[in-house]
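This is what each chain is made of:
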Amino acid sequence: MVPFSILDLSQVGEGSRVADAFANTARMARQAEALGYHRYWLAEHHGMPGVASSATAVAIAHVGHHTSTIRIGSGGIMLPNHAPLVIAEQFGTLEALFPGRVDLGLGRAPGTDMRTARALRRNMDSGVDSFPYDVAELRRLMDDPDGSEPILAVPGFGAKVPIWVLGSSTYGAQLAAQMGLPYAFASHFAPDLLHQALRLYRQQYRPSTDNPHPKAMVGIMGVAADTDEEAQYLFTSMRQAFAALRRNERKPFPAPVRGLQLSPEETQMVDHMLQYAVVGSPQTIERKLENFLAATEADELIISMPIHDIEARLRSVEIFSQSSLMQRMA
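Definitions and cut-offs
Residues numbered from 1 in each chain as written. Predicted model: local features only at pLDDT ≥ 70, side-chain atom pairs only at ≥ 80, totals over all residues. Heavy atoms only, no water. Core = buried A, V, L, I, M, F, W, Y, C linked by side-chain atoms within 4.5 Å. Buried < 20%, exposed > 50% of the residue type's maximum accessible area, 1.4 Å probe, protein only. Helix = DSSP H or I, 4+ residues; strand = E, 2+ residues; numbered from the N terminus. Pairing = 2+ DSSP bridges. Expected span 1.5 Å × (residues − 1). Contact = heavy atoms within 4.5 Å. Patch = residues over 30% accessible without salt bridge, like charges linked within 9 Å, V, L, I, M, F, W, Y side chains within 5 Å. Areas by Shrake-Rupley, 256 points an atom, 1.4 Å probe, with all protein chains shown as cover. Salt bridge = Lys/Arg side-chain N within 4 Å of Asp/Glu carboxyl O. Phe/Tyr/Trp six-rings, centres within 6.5 Å; stacked < 30°, edge-to-face > 60°. Lys NZ or Arg CZ within 6 Å of the ring centre and 35° of its normal.

Visitor: I keep staring at the nonpolar core and nothing clicks. Help me out?
Guide: Taken as a class, soluble globular proteins show a tendency for nonpolar side chains to be buried jointly. Among the nonpolar cores identified, the biggest contains 70 residues, and F4, Y37, F91, L104 and F320 are the most heavily contacted of them. The next biggest cluster of nonpolar side chains, apart from the first, holds 18 residues, and it includes V223, F235, V279 and A312.

Visitor: Any chance you could explain the side chain of N81 here in plain terms?
Guide: Structurally, the position occupied by N81 is in the loop between β3 (71-78) and α3 (84-97). The exposure class assigned to N81 is buried, which follows from its relative accessible area of 7%.

Visitor: Where do I start with the pairing of strand β9 (residues 300-304) in this structure?
Guide: Within a regular strand, side chains alternate between the sheet's two faces. Counting buried positions over the 5 residues of β9 gives 5, a clear majority of the element. On β9, burial covers both faces: E300, I302 and S304 on one face and L301 and I303 on the other are all buried. Taken together, the 4 bridges between strand β1 (residues 2-8) and β9 define a ladder with parallel strand orientation. For S5, the partnering residue across the bridge sits in β9 and is I302. When strand β7 (residues 216-224) meets β9, the two strands line up parallel, connected through 5 bridges. Residue pairing in the sheet places G219 in a bridge with I302 of β9.

Visitor: Quick question: what am I supposed to make of helix α1 (residues 18-34) here?
Guide: Since there are 3.6 residues in each turn of an α-helix, residues three or four apart along the chain are aligned in direction. Helix length check: α1 (17 residues) gives 25 Å between terminal C-alpha atoms against 24 Å at 1.5 Å per residue, within 8%. Regarding α1, the residues found buried are A21, N24, T25, A26, M28, A29, A32 and E33. Taken together, the buried residues of α1 touch β1, β2 (39-42), α2 (56-65) and α11 (310-321). Phi for G36, located one or two positions after α1, is positive at around 90°.

Visitor: Honestly, a nonpolar patch on the surface in this entry has me stumped. Any pointers?
Guide: There is a patch of nonpolar side chains on the surface, built from L152, V154 and F157 and spanning about 270 Å² of accessible area. Relative to the elements of secondary structure, V154 occurs in the loop between α5 (131-141) and β5 (163-167).

Visitor: Looking at this structure, how should I read the side chain of D134?
Guide: Inspection of the secondary structure assignment puts D134 in helix α5. Non-local contacts of D134, meaning those with residues more than four positions away in its chain, are made with L79 and P84.

Visitor: How should the pattern of salt bridges be read in this particular structure?
Guide: As enumerated under the stated definition, the model contains 13 salt bridges in all. Where D144 meets K160, a salt bridge forms, and the shortest distance between an N and an O atom there is 2.6 Å. Placement of the pair is D144 in the loop between α5 and β5 and K160 in the loop between α5 and β5, with a sequence separation of 16 residues. Look at D144 and you get partly exposed, because its relative accessible area is 44%.

Visitor: Would you explain the packing of aromatic side chains in this entry?
Guide: The geometry of an aromatic ring pair comes down to the distance between the two centres and the angle between the two planes. The full count for this structure, using the stated rule, is 5 aromatic pairs. Measuring from ring centre to ring centre gives 5.6 Å for W41 and W164, while their planes differ by 80°; the resulting arrangement is edge-to-face. Placement of the pair is W41 in strand β2 and W164 in strand β5, with a sequence separation of 123 residues. Judged by relative accessible area, which is 2%, W164 ranks as buried. Pairing Y276 with F292 gives two aromatic rings, centres 5.2 Å apart and planes at 50°, and the pair type is tilted. With Y276 in the loop between α9 (264-273) and β8 (278-280) and F292 in helix α10 (residues 282-296), the pair connects residues that are 16 residues apart, well separated along the chain. One exposure class covers both Y276 and F292, and it is buried. Members of the aromatic cluster, connected to one another through ring pairs, are Y183, F185, Y201 and Y205. Above the face of the Y171 ring, R108 is positioned so that its terminal group lies 3.7 Å from the ring centre.

Visitor: For this particular structure, what's the right way to read unusual backbone geometry?
Guide: Trans is the common state for peptide bonds, and a negative phi is the common state for residues other than glycine. The omega torsion of the bond from G75 to G76 falls at 5°, within 30 degrees of zero and hence cis. For G76, the location among the structural elements is in strand β3. In the segment running from V154 into P155, the intervening peptide bond is cis, with an omega of -10°. With respect to the helices and strands, P155 occurs in the loop between α5 and β5.

Here it is in structure tokens:
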């Protein structure tokens, strides 16, 4: 049994508004909390009409105000887009508002195209190469001050918000191991190096004061429904979205369609990227989860539920919570 958590992008569905996406996020977070999910994280993306969680710290505060016990945080903040001081202030503020509930997941990808990344950063001098130094600086800014600091994060100093390293390659795994930090692998969309990254992380882990043992989280796309057929139908939304991304088409998150037809090249790409997706009826979900968790030996599972209709999404949250493999943390 492992804790189950939720990864949300505040999806803006075809035919709906950004305000609807945030209302749906609040509903989903409340249900996740009531059903015993451990964390509710939001992801930073930019320039995507189907994703509303770009101002991630603000969206996390929205979830915090609609919940009371579930852990809230980022999955993740794309640190090269920001000065560490800004993130220390944002997450110090969140920790003050929601004490003991906030997590800070950090990634080094831009979460967008390079043109938008340049608009975010103004220059590209600081980027992925400075990521380890930025993580270390951020940790210092949120630690207890000793009086010698040239800069104070206010709010932020003394917040000690737990940091996770996010990744989709062996780089993040090795960095998390060297820094003694928890690690989350983005297997929900980047499956290739999952097992290699987990193996390196565990082999190379250096215990830290806050994290004496390695802790590995793995991600899946999850779509559960009362029947396998209905779940596969709902999953066509995500399949369309990945195909559109390949074509560089920017549009809201699509409604599902029956008889979806993609090109052979798109089908191959989508099937590969989503090979760890867990889609089906309660019985199918249970079997697939058991196989995936046994193969990864994960300490925690985080589920992204790319479902266009909010009622169907809430039903999926409920079905996953009924798995015998879920450890309820509430």
